[in-house]
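Notes for the structure review
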Amino acid sequence: MHEERLHAAEAFGNAVGLSGQLERDILSSDMSAFKAANPDAAFEDFIRWHSPGDWVSEDKSDGNPTWPPKGRLSQRMSEHGNMWRKIWNDAPALPVSEQKSLLDSVREGEKVVHYLETLRPQQLLEQMVCTAFKSSADILNKTTYGGFKLMKTKMDQLYATMVSTLRSLQGKSDTSDLAGDLKRLCQVFEHIEKLLIFAASVHRKLDAPRLAQSIFTDYFNYYLPKMGTSLESICYEKEFTTKEKVGTLEREAVSSLFRPPTANQSWRKVLSMGNLLNGHEPIQREIVFSVLEKLSNGHYSSPTPLCTDEQIETHRMYICGTSNDLWIALSVTSWD
């Protein structure tokens, strides 16, 4: 219907007048229904309901709005000869059930059937391919991945690549290069989808934004050079050995990634050096013993007097231990 109106507008040389006729008919229908439901309503009431952005409120009451609401129309709606006000003045008060339908459903349905019967295969393929890629991209774009900037950039690039590739498809009679173009576009989708799955997984599992961002950045930087135009699939299975320092407020989020041990595994708690990760041993650990001299006179207190009461004697011992043995790599005593 819209295309028909545009063609008619071009034929009669009145594009501005006819192209918006459908919009005016819909607006008039809304106004008629509003008048029927609210017999005493004014034009300002309709604007507050239909287009709140065109109502400048001046009501400063807290929580108890006054009636009628205090305010004024926007400059656009206040201009002399405004089309909305003219349509409001001409619209009768009629409920939707008594209004004439804006379209002939039977006639429009017949036109749809005729369009499908006379549609050329090339045009049908063009519409199906464009719709499929656009729908797939929109589904990916709805995924929550924590707002990683690198991922957002790749999604924007996906839309740009999709537009440039599919634009060459429209109205193209020579389909010799079509298969190659679509394969390359599918490969781009595969790369973006794998990145998005990883980003969404990290965001959902690790409730530590800084760590999640750092992990995704490492993953992204490793695979970015490999995401060229090659049609060969990339192996995304890689074990990263980069170590990230976990802050005090991030420890709980990391611990939640480890499943608690079962009853058969509970013996490990007795043999392990603590239980920071639900019974799973960390890669390494630093144990620090600090003794405040003025509060301790025990075995570990130093015979050397301190210069001030604020100095602390610290013993650091770096060890590597298992359930059967304990190795001491270095033992240091310092004054802090």
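Remember, predicted model here, so these are calculated numbers, not experimental data.

Tallied over the full model, the rule gives 13 aromatic pairs. Taken together, a centroid distance of 5.0 Å and an interplanar angle of 20° make the contact between Phe 148 and Phe 216 stacked. In this pair, Phe 148 sits in the loop between α8 (121–141) and α9 (149–167) while Phe 216 sits in helix α11 (residues 209–223), placing the two residues 68 residues apart along the sequence. Each member of the pair, Phe 148 as well as Phe 216, carries the same accessibility label: buried. Summarising the aromatic geometry, the rings of Phe 198 and Phe 216 are spaced 6.4 Å apart at their centres and angled 25° between planes, so their arrangement reads as stacked. Taken as a pair, Phe 198 in helix α10 (residues 178–205) and Phe 216 in helix α11 lie far apart in primary sequence, 18 residues in all.

Once that is clear, we can look at a nonpolar patch on the surface. Judged by side-chain polarity, Ile 26, Leu 102 and Leu 103 come together as a nonpolar surface patch covering roughly 240 Å² of accessible area. In this structure, Leu 102 sits in the loop between α6 (83–90) and α7 (105–118).

Before going further, it helps to spend a moment on α8. An ideal rise of 1.5 Å per residue puts 30 Å on 21 residues; α8 measures up with 30 Å between its terminal C-alpha atoms. Listed as buried for α8 are Glu 126, Val 129, Cys 130, Phe 133, Ala 137 and Leu 140. In an axial view of α8, the angular spread of the buried residues amounts to 95°, which keeps them on one side of the axis. Residues of α8 that are exposed and angled more than 90 degrees away from the buried face: Pro 121, Met 128 and Ile 139.

Along the chain, Thr 118 falls in helix α7. There is a polar contact of 2.8 Å between the side chain of Thr 118 and the backbone oxygen of His 114.

This next bit is on the environment of Val 202. Examined against the element boundaries, Val 202 turns out to sit in helix α10. Among the residues examined, Val 202 registers a relative accessible area of 10% and is labelled buried. Linking Val 202 and Tyr 145, residues 57 residues apart in sequence, is a C-alpha distance of 7.9 Å. Residues in contact with Val 202, not counting those within four places in the same chain, are Ala 212 and Ile 215.

Cut-offs and rules
Residues numbered from 1 in each chain as written. Predicted model: local features only at pLDDT ≥ 70, side-chain atom pairs only at ≥ 80, totals over all residues. Heavy atoms only, no water. Phe/Tyr/Trp six-rings, centres within 6.5 Å; stacked < 30°, edge-to-face > 60°. Helix = DSSP H or I, 4+ residues; strand = E, 2+ residues; numbered from the N terminus. Buried < 20%, exposed > 50% of the residue type's maximum accessible area, 1.4 Å probe, protein only. Patch = residues over 30% accessible without salt bridge, like charges linked within 9 Å, V, L, I, M, F, W, Y side chains within 5 Å. Areas by Shrake-Rupley, 256 points an atom, 1.4 Å probe, with all protein chains shown as cover. Salt bridge = Lys/Arg side-chain N within 4 Å of Asp/Glu carboxyl O. Expected span 1.5 Å × (residues − 1). Arc of directions from axis to C-beta. Polar contact = N/O pair within 3.5 Å; in protein donor to acceptor, adjacent residues only side chain to side chain. Contact = heavy atoms within 4.5 Å.

Geometric values such as these leave the question of function open.
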